[in-house]
Amino acid sequence: MTATPAERSLRARKGAHTSWANTSDPAARTKPARDGFLKRFEQQVDPNNELPAAERERRAGHLRKAHMQELAAKSAQKRRENREAKERGRAA
């Protein structure tokens, strides 16, 4: 019998919680992902690896902050849209 999407989601969440419960060092487990995320910004500001390390890190830090600001703006817009839709639903 095929599981429904809701059943698969429950099973996956259970597996994730079990996996994290058995992880002694969560920071070490997620380090490769964090490193890759940060490396992406360094590659964008210095694709040929020509800048001094300190300058590359400075520029990448600003690019990362700009990225986070963009995510925050999109999140705020979506929250506003959801709130307005909810208010329209009450008015109807």
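Let me begin by describing the structure that accompanies this report.

## Let's talk about the pattern of salt bridges
No. 1: Tallied over the full model, the rule gives five salt bridges.
No. 2: Across the pair D35 and K31 runs a salt bridge whose closest N-O atoms are separated by 2.7 Å. Of this pair, D35 and K31 both sit in helix 2 (residues 26-45), four residues apart, which is roughly one turn of the helix.
No. 3: On the basis of relative accessibility, which here comes to 41%, the residue K31 falls in the partly exposed class.
No. 4: With a closest N to O distance of 2.7 Å, R59 and E55 form a salt bridge. In this pair, R59 and E55 both sit in helix 3 (residues 53-91), four residues apart, roughly one turn of the helix.

## Comments concerning the side chain of R56
No. 1: Here R56 lies in helix 3.
No. 2: Residue classification places R56 among the buried positions, given a relative accessible area of 13%.

## Looking at the side chain of T23
No. 1: Here T23 shows up in the loop between helix 1 (5-21) and helix 2.
No. 2: Here T23 falls in the buried class, since its relative accessible area comes to 18%.

## Focus on helix 3
Given 3.6 residues per turn, any residue in an α-helix points the same way as the ones three and four places further on.
No. 1: Taking 1.5 Å as the rise per residue, helix 3 with 39 residues should run 57 Å; its terminal C-alpha atoms sit 57 Å apart, in good agreement.
No. 2: Here helix 3 has its buried residues at R56, A60 and G61.

## Considering the packing of helix 2 against helix 3
No. 1: Taken N-terminus to C-terminus, the directions of helix 2 and helix 3 make an angle of 110°; their axes are 8 Å apart at the nearest point. By the angle between their axes, helix 2 is roughly perpendicular relative to helix 3. Here helix 2 runs over helix 3; the crossing is right-handed. Residues F37, L38, R40, F41, E42, Q44 and V45 of helix 2 pack against R56, E57, R59, A60, L63, R64, H67 and M68 of helix 3.

Cut-off values and rules
- Residues numbered from 1 in each chain as written.
- Predicted model: local features only at pLDDT ≥ 70, side-chain atom pairs only at ≥ 80, totals over all residues.
- Heavy atoms only, no water.
- Salt bridge = Lys/Arg side-chain N within 4 Å of Asp/Glu carboxyl O.
- Helix = DSSP H or I, 4+ residues; strand = E, 2+ residues; numbered from the N terminus.
- Buried < 20%, exposed > 50% of the residue type's maximum accessible area, 1.4 Å probe, protein only.
- Expected span 1.5 Å × (residues − 1).
- Axes fitted to C-alpha atoms, helices over the stretch in contact; angles between N-to-C directions.
- Parallel < 35°, antiparallel > 145°, perpendicular 65-115°, else oblique.
- Left-handed = near helix turned anticlockwise from the far one by under 90°.
- Contact = heavy atoms within 4.5 Å.

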